[in-house]
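Spelled out, the chains give:
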Amino acid sequence: MVQNSVTATRCSKVDKRAQILLKTLVEHYISEGQPIGSRTLLQHSGLDVSPATIRNVMSDLEQLGFITSPHTSAGRVPTKKGYRLFVDSLMTVQPLDQRAVTQLKSGLSSPNPQALISNAADMLSQLTQFAGVVMTPKRTRNVLKHLEFLHLNDKKILVILVTEDGQVQNRMLFTDKAFSASELTTASNYVNSQCQGLTLEEVQSKLKQELQEVQADINRLMSAALEATSQPEPSEKETVVISGERNLLQVDDLSTNVTSLRKLFEIFERRTALMQLLDHSQRADGVQIFIGGESGYLPLDECSLVTSPYEVDGQVVGTLGVIGPTRMAYERIIPIVDITAKLLSNALSNQ
């Protein structure tokens, strides 16, 4: 990750010894979930200093706003500012173990693009035990692969539309006259010969023109094809796939705050803010971390979001990520998100 100028300025105010102690404190707090005292820092920091020196450095870090003392304990915990300095400058990212990589590769091997998106969210949730989120690819070029009219009964026809990215759309059509199987085959062949390989927008334009030229008998079928290619805008729930929300009910830092949990699940249900945040994250280069409410979209101090954009044929089309507590193992979550984005990009590009 690239260290930004704000973080660089903050880091310059903290000497090497203080950085080591802050890193030790954050790592132990993430692991243990309890305020960290001077004795623990002295044991695990590797510094050859006196307990008094540890206390003085902790006092300095507290004055700078990187740590704070809970009322019920003499130990310290990191603040959002402390987490930010840690993830930007002090953290050592752990390589993802081979078993997890194998699990991801297996889960992201489906030939169906929609299944890949859903599986990616599931994999993120399973590997982190938090909530996995994936913004579905923007349909910049939805290309017609095949359209078929199927005879159901005398005046009922099924229109099947298949696009090159694997999406299948079915429309039921009720007609005033009965069409024979040969007429339906002729109409299907006509549409495919004229429109295969065109985007759906191009298909619509062409079919509107064809409607005025084709014979009256298949005019109704052309109208059906035109309707089938006119896709409605996807809803918010269709544009963001979420998996493992209930995992957050088991997180101690969140489960004790009913108000925060309610707000979080409202965000999951409505999806608007989450969709805006993931859309904004597409402009990032690689993994991006939002701690607490600093994103402006998730107004929850107790939560963090780790995201990464993913691509199809070299073009960024969406974002995926993990939502969890601010006290998460960032050094482990980051490679999970990063590798999932890369594997999803490869899988979608090879469709």
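These figures come from a predicted structure and were not determined experimentally.

A. Local environment of the overall build of the chain. For the chain, the count of helices and strands is 15 helices and 10 strands. A burial count over the chain gives 46% of its 351 residues as buried. Of all intrachain contacts in the chain linking residues separated by at least 6 positions in sequence, the fraction that spans at least 24 positions is 61%. Total accessible area on the chain stands at roughly 17,600 Å², and carbon and sulfur atoms take up 46% of it.

B. Examining a nonpolar patch on the surface more closely. On the surface, L152, M172 and F174 cluster together to form a nonpolar patch covering roughly 320 Å² of accessible area. With relative accessibility at 43%, the residue L152 sits in the partly exposed group.

C. Molecular detail of the sheet that holds strand β3 (residues 131-135). Read across the open sheet, the 5 strands follow the order β7-β3-β10-β9-β8; overall the sheet is antiparallel. Of all strands in the sheet, those with a lone pairing partner are β7 (240-243) and β8 (288-291), marking the two edges. Each strand axis lies, on average, 20° off the axis of its neighbour in the sheet, ignoring direction. Here β8 pairs with strand β9 (residues 303-312) via 4 bridges, running antiparallel. When the bridges of β9 are listed, I289 appears paired with V306.

D. Here's a closer look at the packing of helix α6 (residues 98-107) against helix α15 (residues 330-349). Running from N to C, α6 and α15 point in directions that differ by 35°, and their axes come no closer than 10 Å. Judged by the twist between their axes, the crossing of α6 over α15 is right-handed. Contact residues: V101, L104 and K105 in α6; I336, I339, T340 and L343 in α15. Counted by class, the contact of α6 with α15 contains 5 nonpolar, 1 polar and 1 charged residues.

Conventions used here
- Residues numbered from 1 in each chain as written.
- Predicted model: local features only at pLDDT ≥ 70, side-chain atom pairs only at ≥ 80, totals over all residues.
- Heavy atoms only, no water.
- Helix = DSSP H or I, 4+ residues; strand = E, 2+ residues; numbered from the N terminus.
- Buried < 20%, exposed > 50% of the residue type's maximum accessible area, 1.4 Å probe, protein only.
- Contact = heavy atoms within 4.5 Å.
- Areas by Shrake-Rupley, 256 points an atom, 1.4 Å probe, with all protein chains shown as cover.
- Patch = residues over 30% accessible without salt bridge, like charges linked within 9 Å, V, L, I, M, F, W, Y side chains within 5 Å.
- Salt bridge = Lys/Arg side-chain N within 4 Å of Asp/Glu carboxyl O.
- Pairing = 2+ DSSP bridges.
- Axes fitted to C-alpha atoms, helices over the stretch in contact; angles between N-to-C directions.
- Left-handed = near helix turned anticlockwise from the far one by under 90°.
- Nonpolar A, V, L, I, M, F, W, Y, C, P; charged D, E, K, R; others polar.

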